Amino acid sequence: MPLHQDVLENYFLHVKSKSERNEAIKKAYEDGYSKSDVARNCSLSVAGVSKILKS
């Protein structure tokens, strides 16, 4: 587990809906987390994360 994993999880602490989750995914990616790290944290595929980032 990477050292920054706990910080990545903090992006998703207060998420209550898919739209909030998607915004948190975009923010984490913009802040430098990889699609793979975000996908693993959200139990999504990398392709799913890519689709969210394009929306």
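Note that the structure is a prediction, hence the values are computed from the model and not measured.

The rules we used
- Residues numbered from 1 in each chain as written.
- Predicted model: local features only at pLDDT ≥ 70, side-chain atom pairs only at ≥ 80, totals over all residues.
- Heavy atoms only, no water.
- Core = buried A, V, L, I, M, F, W, Y, C linked by side-chain atoms within 4.5 Å.
- Buried < 20%, exposed > 50% of the residue type's maximum accessible area, 1.4 Å probe, protein only.
- Helix = DSSP H or I, 4+ residues; strand = E, 2+ residues; numbered from the N terminus.
- Contact = heavy atoms within 4.5 Å.
- Axes fitted to C-alpha atoms, helices over the stretch in contact; angles between N-to-C directions.
- Parallel < 35°, antiparallel > 145°, perpendicular 65-115°, else oblique.
- Nonpolar A, V, L, I, M, F, W, Y, C, P; charged D, E, K, R; others polar.

**Side note on the nonpolar core**
As a rule of thumb, nonpolar side chains are buried together in soluble globular proteins.
Next, step 1: Formed by Leu8, Phe12, Ala24, Ile25, Ala28, Tyr33, Val38, Ala39, Cys42, Val49 and Ile52, the largest nonpolar core amounts to eleven residues.
Next, step 2: Every element with two or more residues in this core is listed here: helix H2 (18-30), helix H3 (35-42) and helix H4 (46-54).
Next, step 3: The contact partners of Ala28, leaving out residues within four places of it in the chain, are Leu8, Tyr11, Tyr33 and Val38.

**Digging into the packing of H2 against H4**
Next, step 1: Close contact between H2 and H4 brings their axes to 9 Å; oriented N to C, the two are set at 95 degrees. Taken together, the axes of H2 and H4 lie roughly perpendicular to each other. Packed against H2, whose contacting residues are Arg21, Asn22, Ile25, Lys26 and Tyr29, the element H4 presents Val49, Ile52 and Leu53 at the interface.
Next, step 2: Each residue belonging to the contact of H2 with H4 can be placed in one class, and the counts come to five nonpolar, one polar and two charged.

By themselves these figures say nothing about function.
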